[in-house]
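Descriptive structure summary
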Amino acid sequence: MHNVVFVLGPPGSGKGTICAKIQENLGYVHLSAGDLLRAERQREGSEFGALIEQHIRNGSIVPVEITCALLENAMNNSGDAKGFLVDGFPRNEDNLQGWNKQMTGKALVQFVLFLSCPVPICIQRCLNRGQGRTDDNEESLKKRVETYNHQTFPIIEHFEKNGLVREVKSERSVEEIYADVVEVFNQTAKV
Ligand SMILES: Nc1ncnc2c1ncn2[C@@H]1O[C@H](COP(=O)(O)OP(=O)(O)O)[C@@H](O)[C@H]1O
Ligand SMILES: O=c1ccn([C@@H]2O[C@H](COP(=O)(O)OP(=O)(O)O)[C@@H](O)[C@H]2O)c(=O)[nH]1
Ligand SMILES: [Mg+2]
């Protein structure tokens, strides 16, 4: 049974940055759903490359069958880990239903780490990200924020109803955010 922490928040809230620090220090393996999809997009012979690219540019969400298979594969190939940080997933109802269908009995969601951050700050961070992504531009970001507000935030509210959300305000410095994140993981370890 894989232990899983979902890491959610608007684009640019710092999910990848904070997950890298957790992986370095707290024994969790970081799986960025976005990175797995970008790798699949480039994979020689992938039948999903064009579909993935279209969704990424459009800020819409790739069908869960594709994303969940990539996540499960990555977890199974990761060997022993304290748990997995599933970064940037589930992003909509289709993702959530698909995860429940495919992963029940194989993965246990410990909690959801929600990095909340005002959208204007998030947009500036993405525009300055400098990773040459095809979706870090004004047009895609507008759509990504729309998707986040209308499709992803309701997923966070769903987990909130089940008392599983740990919110960390993320407009602050990485160090301040990470100090609070460590506290969240320590509290979970005590339970
Ligand atoms: N707390 C922070 N303060 C300032 N810049 C940040 C902070 N966290 C991340 N960044 C920067 O903002 C950009 C987006 O961060 P990233 O971790 O990729 O966010 P996400 O995965 O949520 O899109 C990156 O260039 C990163 O270096
Ligand atoms: O589970 C996922 C994760 C990502 N994406 C797509 O990949 C893009 C980039 O996701 P990522 O998490 O890398 O963006 P970030 O929030 O880190 O800026 C999203 O906008 C979606 O189009 C998706 O369809 N399903
Ligand atoms: Mg990211």
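All values derive from a computational prediction rather than experimental measurement.

1. Side note on the sheet that holds strand β4 (residues 107–116)
- Spatial ordering of the open sheet is given by β2-β3-β1-β4-β5, a layout of 5 strands whose pairing is parallel. Strands with a single pairing partner mark the edges of an open sheet, and in this sheet they are β2 (28–32) and β5 (165–169). Strand after strand, the sheet turns through a mean of 25° between neighbouring axes, direction not considered.
- For β2 and strand β3 (residues 83–87), the ladder comprises 5 bridges, and the chain directions are parallel. Each residue of the ladder has a partner; that of H30, found in β3, is L85.
- Most of the contacts of helix α1 (residues 15–26) go to β2, to which it runs at about 155°, and overall it touches β1 (2–8), β2, β3 and β4.

2. Some details on the UniProt feature "binding site: CMP" (unreviewed entry) in the protein chain
- Mapped onto the present numbering, the UniProt feature "binding site: CMP" (unreviewed entry) falls at N95.
- Locating N95 in the fold gives a position in helix α5 (residues 93–103).
- Other than its neighbours up to four places away in sequence, N95 contacts I61, V62, V64, F89 and P90.
- Within the structure, N95 has its side chain in polar contact with the backbone nitrogen of R91 (distance 2.9 Å).

3. Comments concerning the site of ligand 2
- Taken together, 19 residues surround ligand 2, and among them K15, R38, S60, V62 and R144 come closest.
- The contact in question runs from an oxygen atom of ligand 2 to an N or O atom on the side chain of R38, over 2.8 Å.
- Between ligand 2 and H55, the relevant distance is 3.4 Å, taken from an oxygen atom to a main-chain nitrogen or oxygen of the residue.
- Computed on the free molecule, ligand 2 has an accessible area of 530 Å², of which 96% lies beneath the protein chains in the complex.
- Among the elements that take part in the shell around ligand 2, helix α2 (residues 33–42) stands out by supplying 4 residues, more than any other.

Quick notes on the rules
- Residues numbered from 1 in each chain as written.
- Chains lettered and ligands numbered in written order.
- Predicted model: local features only at pLDDT ≥ 70, side-chain atom pairs only at ≥ 80, totals over all residues.
- Heavy atoms only, no water.
- Pairing = 2+ DSSP bridges.
- Helix = DSSP H or I, 4+ residues; strand = E, 2+ residues; numbered from the N terminus.
- Axes fitted to C-alpha atoms, helices over the stretch in contact; angles between N-to-C directions.
- Contact = heavy atoms within 4.5 Å.
- UniProt positions renumbered as here; feature names shortened; annotations may be inferred.
- Polar contact = N/O pair within 3.5 Å; in protein donor to acceptor, adjacent residues only side chain to side chain.
- Near = heavy atom within 4 Å.
- Areas by Shrake-Rupley, 256 points an atom, 1.4 Å probe, with all protein chains shown as cover.

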